[in-house]
Amino acid sequence: MATVEIRAVKKAYSDTPVIHGVDVDIQDGEFVVLVGPSGCGKSTLLRMIAGLESISGGEIRIGERVINDVPPKDRDIAMVFQNYALYPHMTVAENMGFSLKLRKMAKPEIAARVKSAAEILSLAHLLDRYPRQLSGGQRQRVAMGRAIVRDPQVFLFDEPLSNLDAKLRVQMRTEIKELHQRLKTTTVYVTHDQIEAMTMADKIVVMHDGIVEQIGAPLDLYDRPANQFVAGFIGSPSMNFIKGQVRLEGTPRFEVGEHIALPLDQAGDATDGQEAIFGLRPEHVRLDPQGVPIEVLVTEPTGSEILVVARLGKQEINCLFRERLSFSPGEVIKISPRPEVSHLFDASSGRSLTG
Amino acid sequence: MFRDKAPSWAYFALLLTSFGAVAPLAWLFLLSLDPNQGVASTSGIYSLKNYASVLFQSMMGQYFLNTTIVALMTVFCTLSCATLGAYAASRYRFRGREPIMIGLLLASMTPVIAVLVPLYAMAAKLQLLNTYSILVIVFTAWQLPGTLWLIRSFMNSIPAELEEAALVDGCGRARAFFRIVLPQLVPGLVASGLIVFVYVWNEFIIAVSLSAKQDMRLVSVGLYFYLSDFGVEWGKIAAGAIISIIPPAMLFLFLQRQLIHGLSAGAVK
């Protein structure tokens, strides 16, 4: 196990920069998730830690060692790929033991390690099969088995669950988390799925266009997003962004068009009359006869909750209720936001004014 | 895919095609059994005399040996060079990669006749006429572009992640290639190797120009000389031709599964 330090790391392909100086500190035994939309540079960063991409600037340390110019085989890392990358001509046991064989470990030792890893992952009965004879979930486990037999300093996961169906994905998510709690190996995990990030991570690194937008514990990012991008990316369904003006004279409020104002608990750095974005999570509204009126457009009941797509003034917002409610399209209902958990963002920079 | 029962005209079309392919062979076979010298008609007498004469009273055995040696060496040289070239062309990005590949393809379209005279002059100057080496060198050069293209497309269908997993697992580039990539490439190598082998087996113009000395002839050249010495010996030519079909046919038969796998790889996920 080891710490991983990423210092001012940059990546450019010929003249096109894709990562513009990223700093991340990963503690020993920590489970860190790199999350962001496609093309944000998260996979590239992971591949730079693995040594599969060169580092154009800055440095990466694993433990005390700068590994910029160390070939992948000498970095003592294990990686799980999105398409598993199992060797098709080797059995499950051979796949898992390959790295140990390359290290010239004695055969009985290899067999013992493969067996114990296989037991952890419930693969013991599949050791003689070939990858093509396995289901998607089993292949996924073999890929993980191949990583854990080595007892490496760092595990790297590159979107390992994106090829699985929804149910299996949830199951494997739990398994990976359990595995981490058991092995306590430093882990860097890449995903574009914020639910995976929220549920698995000790620490989330939100990336966007080659920069780090925010680093923090999952609930920190949910409660105190540093900017509008993080606020919109973390949480599902995502946060409503309502355009309007901050009014501070009298009772602080947020005016959305004429005659509609949302209560402001805290205005933070906002000034009177400032154009701003009011950030409101769909789950942070309640029905309130004294509230602001919204017109129901569409309702999406899922059983446990109901999502209401509605119009506030001229802007569309989503509201999530945990109660069994039924509304019809066109109906006008009154809601109140919970002001203590709402956010204000600067209209031009997107920076949080209340964080 | 059509899953209905095939209509009768489909059978008819297939039969017609099969007849077109098999009839000349059948005719050849009948000729080879005829001890007389007809070609348009057979005399109705059948014997294995022609086969005995080709096998035991001619240099045919030597020709077979020559052809096998040259074909195997050509296959080996072509596949080795093409695989390394294809690896570079498939896995590395470098300036001029596509122009080089297109250039290779264009070069391979040169008709053989156009370079025969300079080739002969070069071979004579290097004192390589009537040797295995000159045939292997020229055949390899001739087959390399097409084979490189073919193997590159096989290589492109092998996910780069396999190699990357091997790098992370503890291999260097070379070891990852030999332990992980090469085994995946076997069907492609078999298919390309067979194509090269059959090419050498059938090649005539280069072989007759560069290696016509009696004990250095290839099978195709050997057969040709039945035409000239004492008139046209149709029966012996036919018997020789039938015998010369056997080795490549056997190869196809044994490697059929690999070949089909290789030729259709990557076509359907």
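Residues numbered from 1 in each chain as written. Chains lettered and ligands numbered in written order. Predicted model: local features only at pLDDT ≥ 70, side-chain atom pairs only at ≥ 80, totals over all residues. Heavy atoms only, no water.

## Thoughts on the packing of aromatic side chains
Argument step 1. Evaluated as defined, the whole model comprises 16 aromatic pairs over all chains.
Argument step 2. On the numbers, 5.7 Å between centres and 15° between planes, the contact of Phe229 of chain A with Phe233 of chain A is stacked. Placement of the pair is Phe229 of chain A and Phe233 of chain A together in helix H8 (residues 228–233), with a separation of four residues, close to one helical turn.
Argument step 3. Its relative accessible area of 22% is what places Phe229 of chain A among the partly exposed residues.
Argument step 4. With a centroid separation of 5.4 Å and 70° between ring planes, the pair formed by Tyr224 of chain B and Phe225 of chain B is classed as edge-to-face.
Argument step 5. An aromatic cluster is present here, built from Phe31, Phe155, Phe157 and Tyr189 of chain A joined pairwise through their rings.
Argument step 6. A cation over a ring is seen here: Arg281 of chain A above Tyr222 of chain A, with NZ or CZ 4.1 Å from the ring centre. (Phe/Tyr/Trp six-rings, centres within 6.5 Å; stacked < 30°, edge-to-face > 60°. Helix = DSSP H or I, 4+ residues; strand = E, 2+ residues; numbered from the N terminus. Buried < 20%, exposed > 50% of the residue type's maximum accessible area, 1.4 Å probe, protein only. Lys NZ or Arg CZ within 6 Å of the ring centre and 35° of its normal.)

## Considerations on the environment of Pro17 of chain A
All names here are of chain A.
Argument step 1. Relative to the elements of secondary structure, Pro17 occurs in strand E2 (residues 16–26).
Argument step 2. By relative accessible area, Pro17 is classed as partly exposed at 45%.
Argument step 3. It is 40 Å that separates the C-alpha atoms of Pro17 and Leu307, two residues lying 290 residues apart in sequence.
Argument step 4. With residues near it in sequence (within four places) discarded, Pro17 still touches Lys11 and Ala12. (Contact = heavy atoms within 4.5 Å.)

## Description of the packing of helix H2 (residues 92–102) of chain A against helix H4 (residues 136–148) of chain A
Residue and element names in this part refer to chain A.
Argument step 1. Relative orientation of the contacting elements H2 and H4 amounts to 30°, with a least axis distance of 7 Å. For the element pair H2 / H4, the angle class is roughly parallel. Pair H2 / H4 crosses with right-handed handedness. Within the contact between the two elements, H2 uses Val92, Asn95 and Met96 and H4 uses Val142, Gly145 and Arg146. (Axes fitted to C-alpha atoms, helices over the stretch in contact; angles between N-to-C directions. Parallel < 35°, antiparallel > 145°, perpendicular 65-115°, else oblique. Left-handed = near helix turned anticlockwise from the far one by under 90°.)

## Re the nonpolar core
Here is a general trend for soluble globular proteins: nonpolar side chains tend to be buried in one another's company.
Argument step 1. Formed by 95 residues in total, the largest nonpolar core has its most connected members in Ile6, Ile60 and Leu156 of chain A together with Phe139 and Ile206 of chain B.
Argument step 2. Ranked by size, the runner-up nonpolar core spans 43 residues in total, among them Val35, Leu134, Val149 and Phe157 of chain A. (Core = buried A, V, L, I, M, F, W, Y, C linked by side-chain atoms within 4.5 Å.)

## Considering a nonpolar patch on the surface
Residues and elements named next belong to chain B.
Argument step 1. A cluster of nonpolar side chains, contributed by Ile246, Met250, Leu253 and Phe254, occupies part of the molecular surface with about 450 Å² of accessible area.
Argument step 2. Structurally, Met250 can be placed in helix H11 (residues 234–264).
Argument step 3. According to the relative accessible area criterion, Met250 is partly exposed, its value standing at 38%. (Patch = residues over 30% accessible without salt bridge, like charges linked within 9 Å, V, L, I, M, F, W, Y side chains within 5 Å. Areas by Shrake-Rupley, 256 points an atom, 1.4 Å probe, with all protein chains shown as cover. Salt bridge = Lys/Arg side-chain N within 4 Å of Asp/Glu carboxyl O.)

## Regarding the sheet that holds strand E14 (residues 275–280) of chain A
All names here are of chain A.
Argument step 1. What the five strands build is an open sheet, ordered E13-E12-E11-E14-E19; its pairing is antiparallel. Each of the sheet's edge strands pairs with one partner strand only, and the pair in question is strand E13 (261–263) and strand E19 (343–346). Within this sheet the neighbouring strands show an average axis-to-axis angle of 45°, counted without direction.
Argument step 2. The sheet contact formed by strand E11 (residues 240–247) and strand E12 (residues 253–255) spans three bridges and is antiparallel. Considered in E12, the bridge of Arg247 is made with Arg253. (Pairing = 2+ DSSP bridges.)

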